[in-house]
Amino acid sequence: MSTAPAPLMTTPGPPAGSADIRLIVTDMDGTLLDDAKRMPPGLRDMLAELRRRGVLFSPASGRQYATLAREFADVAEGMVFIAENGTYVVRDGVELSSDPLEPEDAARVVRAVRALVADGVDVGAVVCGKRSAYVERSDEAFLAEVRKYYVEHRVVEDATAPDDDVIKVALFDFGSAARTTAPALAPFTATHQVVVSGEHWVDVMNRTADKGAALRRLQRELGITPAQTMVFGDYLNDLEMLDAAEWSFAMANAHPDVIARARHLAPSNNDNGVLRTITRVLGLPT
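These numbers come from a predicted model, not from an experiment.

Peer 1: What is the right way to read the pattern of salt bridges from this model?
Peer 2: Oppositely charged side chains are able to pair whenever their charged atoms sit close together. With the rule as written, the count across this model stands at 24 salt bridges. Residue Arg44 pairs with Asp74 through a salt bridge whose shortest N-O separation is 2.8 Å. A residue pair is termed long-range when its members are at least 10 positions apart, and Arg44 in helix H2 (residues 43-53) and Asp74 in the loop between helix H3 (65-71) and strand E3 (80-83) qualify at 30 residues. We note a salt bridge from Arg53 to Glu49, for which the minimum N-O separation is 2.7 Å.

This is the structure:
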């Protein structure tokens, strides 16, 4: 038996179709993708309509650029990818901005992970470079999680000194990232960002790096205002990005802090919330 989709849940605003939107930015996991990691039906048709209207669509994710580019391979022309939680922004294969870690800082994080493993924590580090991700763990359970977000990855003996610009170190904790791994990284919070980006993921980045900083740089470069920007997110690594848009939407399934921070509420990722909200606000044909 089929059920009707959840109703659109938004705070009052201009009538449907009246917004002058020039840029739409959406998180991927838990936001655009449903819980089975599937793209929403109708996305390609919507992207074609947005392109016709001159609206730029930008995925913003903790995922690797190569992974995002593969997901949107058939429609990637002209699209801006805000990858690795804002540390690497690319359009048509050309880097627009990046915020690399100092090599020794990245190495310190890897050594901290090794210490956690020695203490019995089931965790692994993903050293995220511009060209590839680098991991020391080679067990299939860990690599299966890595493959979901890092198409380009290599198993190496020593991940403290890859021949690449390291833009982020991501940690996958098979337990609770918020309860175990993030607190263990507290020494890094004085100089870096330690962001819980999912139930099992923690990211260590420069203080100057986040999705919001990347979005603001993109807005300045394109001459697009926050009032012309629509943003969707569901987790803590989306907070700063929501602040950069007047049309900020938390998904109904979002973390409570995200719902509190956003101006509007959209249906959940499993109810095609991103596409349904864009259709309403822009007055697109259904």
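So much for the structure itself; the text now carries on.
Peer 1: Can you help me understand the nonpolar core in this one?
Peer 2: Nonpolar side chains tend to gather and get buried jointly when the protein is soluble and globular. The biggest cluster of nonpolar side chains holds 31 residues, and the ones touching the most others in it are Ile24, Leu50, Phe72, Met230, Ile278 and Leu282. Of all elements in the fold, only helix H1 (28-32), H2, E3, strand E12 (229-233), strand E13 (247-251) and helix H10 (273-282) reach the threshold of two or more residues within this core. In terms of residues, this core owes the most to one element, H10, which gives five residues. Leaving out residues up to four positions away in the same chain, Met230 has contacts with Ile21, Leu23, Ile24, Val25, Ala245, Trp247, Phe249, Ile278, Val281 and Leu282. Formed by 22 residues, the second largest nonpolar core is a distinct cluster that contains Ala106, Val169, Ala182 and Val204.

Peer 1: Where do I start with H10 in this structure?
Peer 2: For an α-helix, 3.6 residues make a turn, and residues three or four places apart therefore share a direction. Across the ten residues that make up H10, a large majority, eight, are buried. Turning to H10, the residues buried within the fold contact strand E1 (23-26), H1, H2, E12, E13 and strand E14 (264-266). The positive-phi residue at the C-terminal boundary of H10 is Gly283, with phi of around 65°.

Analysis parameters
Counting from 1, residues in each chain are numbered in the order their sequence is written. Totals for whole chains, interfaces and linings use every residue, but because this is a predicted model, local features are given only for residues with pLDDT of at least 70 and side-chain atom pairs only at 80 or more, for both listing and counting. Here the side-chain values reflect all heavy atoms present in the structure, with hydrogen atoms and water set aside. By salt bridge we mean one thing: a side-chain nitrogen of Lys or Arg within 4 Å of a carboxyl oxygen of Asp or Glu. Put simply, DSSP H or I for four residues or longer makes a helix, DSSP E for two residues or longer makes a strand, and each gets a number counted from the N terminus. Working definition of a nonpolar core: buried Ala, Val, Leu, Ile, Met, Phe, Trp, Tyr and Cys residues. They are joined through side-chain atoms within 4.5 Å. Only protein chains enter the area calculation, which uses a 1.4 Å probe; residues under 20% of their type maximum are buried, those over 50% are exposed, and those in between are partly exposed. Note on contacts: a residue pair is in contact if any heavy atoms of the two residues lie within 4.5 Å.

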